[in-house]
Amino acid sequence: MSGKMLSLIEFTSLDWFWVVAFVLVMISCGVLFYRLGKRSESEFFLAGRGLPWWLPATSVYATHTATDSPMWIGGMIYKFGMRGIWFPFFSAWCAISAFVSTRIFRRSLAMSQAEWQNLRYSGLGAELLRGWLAGWQTFMNMFVLAWVSAAMGKVGTYLFGWPHWVGLVVFTAICAIYVLSAGYWGVIMADFQQGVIAFLIITFVTCWAIKEVGGPLTIVNKLEALGQSWRLNPFHFDEEFPFAWFITLLIMATFGGIGMGNFIDWYPEAQRIQSARSVRDASYSIWAGGLAAIFRNGFWAVAVLAFFVVYPNIADSKEYEMAWYRIAFEFLPMGMIGVFFAAVLAIHLSTISTHLNLGALYATRDLYHHYVNPQASEKQLVRMGRINTLLLLVGCFVLGLTMKKITEWLIFALWLQAAGIWIPSILQVIWWRFNSWAYLSAWIANLIMSWLVVWVLPALGVIPKLPDYQQFWMLAILVAVVYLPIMFMTKADDMDHLVHYYVAARPCGFWGPVRREALKRGLIKEHEDNNK
């Protein structure tokens, strides 16, 4: 069998029935929840903060599962074997966050991470930081929409021989119908269906792949025959995947859950946290959704190993990124292909809907409402939310047409988001003295230095092209050289503001002076439980 990608998969009438039925069900979410979504800004972006834990939990999982996810994870597993499972292991931050940053953020009642910066910090620095983060997240959500849509364009080309732009535009535009209509209500209710469908189909395709190659023992025997048995060992370290890489990924996944904004995934999960009806529901939702994502990664990994024993010599990353899709479309029987493609649409629409609504949240709540029109009525805010959703849609189409290699774009976006601001994002949660000027300077320094370290300096021959984990630590150190002096050269945030934040959010860590001031003013009790 050739490793070259096939195309033009044959769909039967039954296959198309499943696809059309699924699309109609998703669009119906916009119709059914239109009245709820239009009532207020809070309803359009947070479903009124009244959801039981299992709804945002399913949405956490569905959002983590995008069209590009099996391409990225499949690419890592095909290239690195089972040790590639550590690359998406950063989802484990949810397990720590559920008991730390999730609780703090939910108690703050901030609608977005940008708004939280205003509650955590004071003065001009806080305002600049909120504006910066709101603008950055508006762009970043458009960026995510673009790369996920580009991945769908790649699937459409593989399946039907369509021009890249057709798959990129059509299915994302379908999703916009129910997001524009019902806002976050449409997102969350569609995500529940999409998350369940995606989990079941991912499990089914993995089992089918194992069956098609002859079972688990056959996979092991074929890997041994190919001299590739090391691929079964997630702890196989060599020059290509050194121990230092593993430790970096492990540290990122565990300690990262203490902070807010360490990962690109924090921002959509923050929306789920605030949509939960209580602090406890928020914690359960993040923990359960993250756990489901880790199980999903394991299913994908086994399926890609099955693909590897059939097609072991694919060198082009653009081809082996498609491993999981090829398993299903080449091996599933007629009638089931349509079900699988409906699941692919579920994976795609869940992420697209999230980032359309989330990007519009930052543009509406943090830019328009906070800076442009603070006196806007609820009707005006909902209308502006829909306008911003439409603008994000158009922007993502333009940007998505420039993306070709999904993995390279995703790795850079993760590094750009995480490396230099990873430690500052923890410090702002656990240390009262870390101020707005330090965090703002960390963001700006990280943005500049990421481009220098990853692209510019290696191209000029100033430094060699470094492995990703070395880039991470280099950026962490270089950015720290900027924000630490700035923090000590500028004043701490206003104590009245910090006390107000502490009483509302009950942060953990080094907040001694603020806590003592809150006790002195009689705002909290000596032995009051911070876990409520």
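Owing to the predicted nature of the structure, the values given are computational and were not obtained by experimental measurement.

1. With respect to the overall build of the chain
In step 1: The helix and strand inventory of the chain stands at 25 helices and zero strands.
In step 2: The C-alpha radius of gyration computed for the chain amounts to 23 Å, which stays within 12% of the reference 24 Å derived for 532 residues, consistent with globular compactness.
In step 3: For the chain, the spread of C-alpha atoms along the principal axes amounts to about 75 × 55 × 45 Å.
In step 4: When each of the 532 residues of the chain is scored for burial, the buried share is 60%.
In step 5: Long-range pairs, those at least 24 residues apart, make up 83% of the contacts in the chain with a sequence separation of at least 6.
In step 6: Accessible surface computed for the chain: about 20100 Å², of which carbon and sulfur atoms make up 69%.
In step 7: Side-chain charges in the chain split into 38 positive and 31 negative, and the spacing between the mean points of these groups amounts to 6 Å.

2. A few points about the packing of helix α7 (residues 101–108) against helix α14 (residues 266–275)
The description of two packed helices rests on the angle between their axes and on the distance between the axes.
In step 1: Contact geometry of α7 with α14 gives a least axis separation of 9 Å together with a crossing angle of 60 degrees. With respect to α14, the axis of α7 lies oblique. α14 is crossed by α7, and the crossing has right-handed handedness. Along its contact with α7, which presents Ser 101, Thr 102, Phe 105, Arg 106 and Ser 108, the element α14 presents Trp 266, Ala 270, Ile 273 and Gln 274.

3. Quick look at unusual backbone geometry
In step 1: Of note in this structure, Ala 47 is not a glycine but carries a positive phi near 55 degrees.
In step 2: With respect to the secondary-structure elements, Ala 47 resides in the loop between α3 (41–46) and α4 (54–64).
In step 3: Positive phi is not limited to glycine here, since Arg 506 has a value of about 50 degrees.
In step 4: Within the secondary structure, Arg 506 is located in the loop between α24 (495–505) and α25 (512–520).
In step 5: Overall, the relative accessible area of 11% leaves Arg 506 in the buried class.

4. Examining a nonpolar patch on the surface
In step 1: Together, Ile 444, Ile 448, Trp 451, Leu 452, Trp 455, Val 456, Leu 460 and Val 462 line one region of the surface with nonpolar side chains, adding up to about 760 Å² of accessible area.
In step 2: Within the fold, Ile 444 resides in helix α22 (residues 436–460).

5. Things to note about helix α8 (residues 113–120)
In step 1: Of all eight residues in α8, seven are buried; the element is thus mostly enclosed.
In step 2: Within α8 the residues assigned to the buried category are Gln 113, Ala 114, Glu 115, Trp 116, Gln 117, Asn 118 and Arg 120.

6. Observations regarding the packing of α8 against helix α18 (residues 336–372)
In step 1: Their axes nearest at 9 Å, the elements α8 and α18 cross at an angle of 45 degrees. Taken together, the axes of α8 and α18 are oblique relative to one another. Here α8 contributes Gln 113, Ala 114, Glu 115 and Asn 118 to the contact with α18, which in turn contributes Tyr 362, Arg 365, Asp 366 and His 370.
In step 2: Within the contact of α8 with α18, the residues separate by chemical class into two nonpolar, three polar and three charged.

7. A short note on the environment of Thr 203
In step 1: By secondary structure assignment, the location of Thr 203 is in helix α11 (residues 184–212).
In step 2: Looking at Thr 203, the relative accessible area reads 23%, which means it is partly exposed.
In step 3: Thr 203 sits 93 residues away from Arg 296 along the chain, and the two C-alpha atoms are 7.9 Å apart.
In step 4: Among the polar contacts listed, one links the side chain of Thr 203 to the backbone oxygen of Phe 199, at a separation of 2.8 Å.

8. A closer look at the packing of aromatic side chains
In step 1: For the structure on display, the rule yields 51 aromatic pairs.
In step 2: Ring centres of Phe 87 and Trp 245 lie 5.1 Å apart, and the angle between their planes is 75 degrees; this geometry places the pair in the edge-to-face category. Placement of Phe 87 in the loop between α5 (69–80) and α6 (93–97) and of Trp 245 in helix α13 (residues 243–255) is noted, with a sequence separation of 158 residues between them. Each member of the pair Phe 87 and Trp 245 is classed as buried.

9. A few points about the side chain of Ser 69
In step 1: Within the secondary structure layout, Ser 69 lies in helix α5.
In step 2: Filtering out sequence-adjacent residues up to four positions away, Ser 69 remains in contact with His 64, Gly 74 and Trp 300.

10. Some points on α11
In step 1: When the terminal C-alpha atoms of α11 are compared, their 40 Å separation across 29 residues agrees well with the 42 Å that a helix rising 1.5 Å per residue should span.
In step 2: At Asp 191, α11 shows its maximal kink, close to 25 degrees.
In step 3: Downstream of α11 by one or two residues, Gly 214 has phi in the positive range, about 110 degrees.

11. Quick notes on the pattern of salt bridges
In step 1: On inspection of all chains with the given rule, the structure shows 14 salt bridges.
In step 2: Residues Arg 365 and Glu 41 are paired through a salt bridge, measuring 3.0 Å at the closest nitrogen-oxygen approach. Of this pair, Arg 365 sits in helix α18 while Glu 41 sits in helix α3, and the two are 324 residues apart along the sequence.
In step 3: On the basis of relative accessibility, which here comes to 17%, the residue Arg 365 falls in the buried class.

12. Some points on the environment of Gly 214
In step 1: Within the element layout of this structure, Gly 214 appears in the loop between α11 and α12 (216–225).
In step 2: C-alpha separation for the pair Gly 214 and Thr 172, spaced 42 residues apart in sequence, amounts to 37 Å.

The rules behind each value
- Residues numbered from 1 in each chain as written.
- Predicted model: local features only at pLDDT ≥ 70, side-chain atom pairs only at ≥ 80, totals over all residues.
- Heavy atoms only, no water.
- Helix = DSSP H or I, 4+ residues; strand = E, 2+ residues; numbered from the N terminus.
- Rg over C-alpha atoms; globule rule 2.2 N^0.38 Å.
- Buried < 20%, exposed > 50% of the residue type's maximum accessible area, 1.4 Å probe, protein only.
- Contact = heavy atoms within 4.5 Å.
- Areas by Shrake-Rupley, 256 points an atom, 1.4 Å probe, with all protein chains shown as cover.
- Lys, Arg positive; Asp, Glu negative; His and termini not counted.
- Charge placed at Lys NZ, Arg CZ, Asp CG, Glu CD.
- Axes fitted to C-alpha atoms, helices over the stretch in contact; angles between N-to-C directions.
- Parallel < 35°, antiparallel > 145°, perpendicular 65-115°, else oblique.
- Left-handed = near helix turned anticlockwise from the far one by under 90°.
- Patch = residues over 30% accessible without salt bridge, like charges linked within 9 Å, V, L, I, M, F, W, Y side chains within 5 Å.
- Salt bridge = Lys/Arg side-chain N within 4 Å of Asp/Glu carboxyl O.
- Nonpolar A, V, L, I, M, F, W, Y, C, P; charged D, E, K, R; others polar.
- Polar contact = N/O pair within 3.5 Å; in protein donor to acceptor, adjacent residues only side chain to side chain.
- Phe/Tyr/Trp six-rings, centres within 6.5 Å; stacked < 30°, edge-to-face > 60°.
- Expected span 1.5 Å × (residues − 1).
- Bend = angle between axes of the 7 residues up to and from the residue.

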